[in-house]
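Overview (structure and organization)
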Amino acid sequence: MLEKLAQIEKEALEALSKIEEEAALEAWRVANIGRSSPVMNVFSQLGSLPKEERPAAGQRANQVKTALETAFAEKKEALRQAALARSLASERLDVTLPGRPFRRGRLHPATQNLRRILSILGEMGFQVYTARDVETDEYNFQLLNIPPHHPAREMQDTFYIETGETDEARRLVLRTHTSPGQIRAMREFSAQNPQNPPPIRIALPGMCYRFEQITARSEVQFHQIEGLVVGQNITFADLKGTLSEFARRMFGRNARTRFRADHFPFTEPSAEMDVECFVCGGKGCSVCKKSGWLEILGCGMVHPVVLQNGGYDPARYTGFAFGMGPERQLMLRHKITDIRYFWGNDVRFLEQF
Ligand code: PHE
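Scoring rules and cut-offs
- Residues numbered from 1 in each chain as written.
- Predicted model: local features only at pLDDT ≥ 70, side-chain atom pairs only at ≥ 80, totals over all residues.
- Heavy atoms only, no water.
- Helix = DSSP H or I, 4+ residues; strand = E, 2+ residues; numbered from the N terminus.
- Rg over C-alpha atoms; globule rule 2.2 N^0.38 Å.
- Buried < 20%, exposed > 50% of the residue type's maximum accessible area, 1.4 Å probe, protein only.
- Contact = heavy atoms within 4.5 Å.
- Lys, Arg positive; Asp, Glu negative; His and termini not counted.
- Charge placed at Lys NZ, Arg CZ, Asp CG, Glu CD.
- Expected span 1.5 Å × (residues − 1).
- Arc of directions from axis to C-beta.
- Core = buried A, V, L, I, M, F, W, Y, C linked by side-chain atoms within 4.5 Å.
- Near = heavy atom within 4 Å.
- Polar contact = N/O pair within 3.5 Å; in protein donor to acceptor, adjacent residues only side chain to side chain.
- Nonpolar A, V, L, I, M, F, W, Y, C, P; charged D, E, K, R; others polar.

Attention now goes to the overall build of the protein chain. Within the protein chain one finds 11 helices and 10 strands. The C-alpha radius of gyration of the protein chain comes to 43 Å, more than 25% above the 20 Å expected for a compact globule of 353 residues. Over its C-alpha atoms, taken along the principal directions, the protein chain stretches across nearly 130 × 55 × 40 Å. The proportion of buried residues among the 353 residues of the protein chain is 42%. Restricting the contact set of the protein chain to residue pairs at least 6 apart, pairs at least 24 apart contribute 67%. For the protein chain, the centre of its 46 positive side-chain charges and the centre of its 43 negative side-chain charges are spaced 5 Å apart.

Structural data, given as structure tokens:
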């Protein structure tokens, strides 16, 4: 029996010394010190030994069992250390390596420009007011003094939305300009105090839509920023002063402006404002087509009929309004030759801003 135990111990230790991974070690444990391993079997056979051999055999069996258990624990620890060393070597982090560059997103150039214009107008006391993109024919045209057969209402220029309504006034359109917001704002403000409507000074940004052939020079959608000032004793001098100051803040302290007579149904008198070409400084170049001036907005004194439609008595109130196309200004400033770049979503274009 003692020899048998020596044999068991020798074989087990030999097998253990060859083990190099945890799964094999577990199998070894089950086979060599598990419940039905050879050493454990020796314990159950002790009873069948002659009485005088039992103490020595029992003692020896205990020794072998302890020796195997100890060897197992040591092996287990050795394997754990080896695994740790391996992972330290293979997963080493070089904290001195430079970081990977991180591509940041950015605001669309049209949004950047829109915000810039609104912040300049904001500094000048204009509050941002937003109105709807889908308008009725009434707000987009009629209340703005645009008569029924005005060319701007042609199907070729306006997106009409089928509603099944026969009533002309309720026909829905995608707004062709931000000017219907003038009526929305005046009606909202005058409703607060119909006898004495409060003064208004708002900037009204928004997308506008026109049913046009898409070309390098025209898109079916574009932003406008409308301005509206209504109060008592507002004159054309206020319009000129305000818009000239806007141009200086927008295009530089030395930016000169000029006003040319024009026509809009909802303003009287009406004008176009030009700013001295900021590309050539007024000397004449391809951007200003050698004229030295760039046309940047339409404006005028709010037409009495429009004031009336907004709930402001034209006998007591006057006002001025203007509308500009921020994308057009961006095109001039950056010599962008094709308006389709704006909504084309080409990163090579967008990344430049
Ligand atoms: N609504 C005009 C346009 O779309 C611009 C404008 C606004 C002109 C306000 C005068 C006053 O061209």
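Our focus in this paragraph is helix α1 (residues 2-17). For α1, built from 16 residues, the straight-helix expectation of 22 Å at 1.5 Å per residue is met to within 8% by its first-to-last C-alpha distance of 23 Å. Among the residues of α1, those classed as buried are Leu-5, Ile-8, Glu-9, Ala-12 and Leu-16. Projection of α1 onto a plane perpendicular to its axis shows the buried side chains occupying an angular sector of 95 degrees, all on one side. In α1, the exposed positions that point more than 90 degrees away from the buried face belong to Glu-3, Lys-10 and Ser-17.

Moving on, we get to the nonpolar core. Counting residues in hydrophobic clusters, the biggest one holds 35 residues, and the most contacted among them are Leu-121, Phe-246, Leu-297, Phe-322 and Met-324. Residue assignment for this core shows that the elements contributing at least two residues are α5 (109-123), β6 (221-231), α8 (236-251), β8 (267-276), β9 (293-302) and β10 (318-324). Broken down by element, this core gets its largest block of residues, six residues, from α8. Within the second largest apolar cluster, 25 residues are counted, among which are Phe-141, Val-173, Leu-204 and Leu-228.

Moving on, we come to the site of the ligand. Around the ligand sit 14 residues, and of these His-177, Ser-179, Arg-210, Gln-224 and Glu-226 come closest. Here a nitrogen atom of the ligand and a side-chain polar atom of Ser-179 are 3.0 Å apart. Residue Arg-210 places a side-chain N or O atom 3.3 Å away from an oxygen atom belonging to the ligand. When residues of the shell around the ligand are traced back to their parent elements, those giving at least two are β6, β9 and β10. Looking at side-chain class alone, the shell around the ligand contains five nonpolar, seven polar and two charged residues.

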